[in-house]
Amino acid sequence: QMAALRGIQVLGRLILGPRYEKGDYITPAMRRKIKRRAEEVFREVDVDGSGSIDITELGRAMKGLGCPLSKESLVGAMQMMDDDNSGSVDVNEFSAFVERLLHGEIPDTMSV
């Protein structure tokens, strides 16, 4: 679970940027900008253009970010994002995941 959380944190920093800290006030304009960035990242990770991210695409993305994850860690990361347990993550689930990051609902590795 620790490796999955580290991977999620790397992905979160890519979307939220390095200056965001848990608990920071997010203005509506910043929230819109973050949502647009999340959608951009989603499209980059969804290399086959299917409209969803599968475990293989997530694995490639994490490796490309310099944070390769084991199959077990990838499964854990997917479970954090895959709200409907379909085995893949659509753009709405990905956006909801980003919202959970913004609200501090995703634990960091220090709290596990």
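Everything that follows concerns the structure shown earlier in this document.
These numbers were taken from a predicted model, which means no experiment stands behind them.

**A short note on the pattern of salt bridges**
In total, this model carries 3 salt bridges according to the counting rule given. Between Lys 35 and Glu 39 there is a salt bridge, and its shortest N-O distance comes to 3.5 Å. Within this pair, Lys 35 and its partner Glu 39 are both found in helix H2 (residues 28–45), separated by 4 residues, close to a single helical turn. Here Arg 37 ties to Glu 44 by a salt bridge, and the two come within 3.6 Å at their closest N and O atoms. One network of salt bridges, in which partners are shared, links Arg 37, Glu 40 and Glu 44.

**Notes on the packing of H2 against helix H5 (residues 91–102)**
How two helices pack is summed up by the angle between their axes together with the distance between the axes. Packing of H2 against H5 brings their axes to within 10 Å, and their N-to-C directions diverge by 135°. On the basis of their axis angle, the class for H2 and H5 is oblique. Classified by chirality, the crossing of H5 by H2 is right-handed. Side by side, H2 and H5 meet where Arg 31, Ile 34, Lys 35, Ala 38, Glu 39, Val 41 and Phe 42 of the first sit next to Val 91, Phe 94, Ser 95, Val 98, Glu 99 and Leu 102 of the second. Along the lines of polarity and charge, the residues of the contact of H2 with H5 split into 8 nonpolar, 1 polar and 4 charged.

**What about the packing of aromatic side chains?**
Inspection of every chain in the model, using the stated rule, returns 2 aromatic pairs. Judged by centre distance (6.0 Å) and plane angle (45°), the rings of Phe 94 and Phe 97 are tilted. In this pair, Phe 94 and Phe 97 are both assigned in helix H5, 3 residues apart and thus about one turn of the helix distant. Accessibility expressed as a relative area gives 1% for Phe 94, which makes it buried. Cluster of aromatic residues (ring-pair linked, three or more members): Phe 42, Phe 94 and Phe 97.

**Some words on the nonpolar core**
Counting 25 residues, the largest nonpolar core has Leu 11, Ile 15, Leu 58, Met 62 and Phe 94 as its most contacted members. Counting only elements with at least two residues in this core, the list comes to helix H1 (2–16), H2, helix H3 (55–64), helix H4 (71–81) and H5. What Met 62 contacts, discounting residues up to four positions off in sequence, is Gly 7, Val 10, Leu 11, Cys 67, Pro 68, Leu 69 and Leu 74.

**Examining the environment of Glu 93**
On the secondary structure map, Glu 93 appears in helix H5. Overall, the relative accessible area of 6% leaves Glu 93 in the buried class. Of note is the side chain of Glu 93, whose polar atom sits 3.0 Å from the backbone nitrogen of Asp 83.

Thresholds applied
Residues numbered from 1 in each chain as written. Predicted model: local features only at pLDDT ≥ 70, side-chain atom pairs only at ≥ 80, totals over all residues. Heavy atoms only, no water. Salt bridge = Lys/Arg side-chain N within 4 Å of Asp/Glu carboxyl O. Helix = DSSP H or I, 4+ residues; strand = E, 2+ residues; numbered from the N terminus. Axes fitted to C-alpha atoms, helices over the stretch in contact; angles between N-to-C directions. Parallel < 35°, antiparallel > 145°, perpendicular 65-115°, else oblique. Left-handed = near helix turned anticlockwise from the far one by under 90°. Contact = heavy atoms within 4.5 Å. Nonpolar A, V, L, I, M, F, W, Y, C, P; charged D, E, K, R; others polar. Phe/Tyr/Trp six-rings, centres within 6.5 Å; stacked < 30°, edge-to-face > 60°. Buried < 20%, exposed > 50% of the residue type's maximum accessible area, 1.4 Å probe, protein only. Core = buried A, V, L, I, M, F, W, Y, C linked by side-chain atoms within 4.5 Å. Polar contact = N/O pair within 3.5 Å; in protein donor to acceptor, adjacent residues only side chain to side chain.

On their own, these measurements won't tell you what the molecule is for.
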